[in-house]
Amino acid sequence: MNKRVAILATDGFEESELKSPMEAMKAEGFTVDIISEKSGTIKGWADGNWSNSYDVTDTLDNVSAKDYNALMLPGGVINPDKLRRNDDALIFIRDFFKQSKPIAAICHAPQLLIEADVVKGRTMTSFNSIKTDLENAGALWVDKEVVVDEALVTSRNPDDLPAFNAKLIEEIKEGKHDLQHA
């Protein structure tokens, strides 16, 4: 099953939340591209410090949601805060919703979905510190390890990665969801 998945990230992503889903998707035979604001490498965050660098496959100005079957958004505090100020990142995210494709976001990554204005009426989870932000944006927040709402997969933190990865892969295999919406 040749599926192509974009991971949107920049410096300061939670390393486990990029590495673990990426490895799980690659183990399924999916092609996984790391998309960022800049070319070269981006640096992860782990245990309160900068961690490893990851090669960027392509930049936002060179890609389109139509090139991919799904989108995965890792968390961390710094990563979504930087990307939510990037109009190209928000357009890229919105386009996955418009094309009814699976999207997965973990930890603080739903901040990007709030900024892209795609959470109203959706049942979601996240890191608990952004619960009120999601509710204020119109989402129904629940405290579960993984929540799936019409191809939108969300999880709370790195402890939820096994469940998150399993649902992410399941949704990618299912493909487009007619009821996926922004």
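Bear in mind that the values here come from a model prediction, so they are computed numbers and not experimental data.

Colleague: Mind showing me how you'd approach the pattern of salt bridges here?
Modeller: Side-chain pairing between opposite charges can occur once the charged atoms of the two side chains come close. All chains considered together, the criterion is met by 10 salt bridges. Here R4 and D33 are joined by a salt bridge, their closest N and O atoms 2.7 Å apart. Of the two residues, R4 sits in strand β1 (residues 4-8) while D33 sits in strand β3 (residues 31-36), which places them 29 residues apart along the sequence. For R4, a relative accessible area of 32% gives the class partly exposed. Of the charged contacts, one joins D81 and R85 as a salt bridge, the two residues approaching to 3.1 Å between their closest N and O atoms.

Colleague: Whenever I open this one, the sheet that holds strand β5 (residues 49-55) confuses me. Can you help?
Modeller: Strand order across the open sheet formed by 3 strands is β2-β4-β5, with mixed pairing between neighbours. The sheet is open, and its two edges are formed by β2 (13-14) and β5, each paired on a single side. Two elements, strand β4 (residues 41-46) and β5, share 5 bridges in a ladder whose sense is antiparallel. Bridging from a neighbouring strand, A46 pairs with N49 of β5.

Colleague: Could you clarify how one ought to interpret the packing of aromatic side chains in this entry?
Modeller: Two numbers describe a pair of aromatic rings. These are the distance of the centres and the angle of the planes. Counted under the stated rule, the structure contains 4 aromatic pairs. A ring pair is formed by F13 and Y54, whose centres lie 5.5 Å apart and whose planes are at 75°; its orientation type is edge-to-face. Placement of the pair is F13 in strand β2 and Y54 in strand β5, with a sequence separation of 41 residues. The pair formed by F13 and Y54 is uniform in burial state, with each residue classed as buried. Consider the rings of F92 and F96, whose centres lie 5.1 Å apart with planes at 90°: the pair is edge-to-face. Here F92 and its partner F96 are both found in helix α3 (residues 87-98), 4 residues apart, which amounts to about one turn of the helix. On the accessibility criterion, F96 (0% relative accessible area) is buried. Ring-pair connections join several aromatic residues into one group, and the members of that group are Y68, F92 and F96.

Cut-offs applied
Each chain carries its own residue numbering, running from 1 in the written order of its sequence. Totals for whole chains, interfaces and linings use all residues, but because this is a predicted model, local features are given only for residues with pLDDT of at least 70 and pairs of side-chain atoms are given and counted only at 80 or more. Calculation of side-chain values draws on the structure's entire complement of heavy atoms; hydrogens and water are dropped beforehand. Salt bridge, as applied in this entry: a Lys or Arg side-chain nitrogen positioned within 4 Å of an Asp or Glu carboxyl oxygen. Here a strand is any run of E in DSSP of at least two residues, a helix any run of H or I of at least four, and the numbering for each starts at the N terminus. Exposed residues in this analysis have more than 50% of their type's maximum accessible area, buried residues have under 20%, and partly exposed residues fall in between, with area computed by a 1.4 Å probe over protein chains only. Strands were regarded as paired on the criterion that DSSP finds at least two bridges between them. Ring geometry is summarised as follows: Phe, Tyr and Trp rings, the Trp one being its six-membered ring, pair when their centres sit within 6.5 Å, and such pairs are stacked at plane angles under 30 degrees, edge-to-face over 60 and tilted between the two.

These figures come from the coordinates and say nothing about function on their own.
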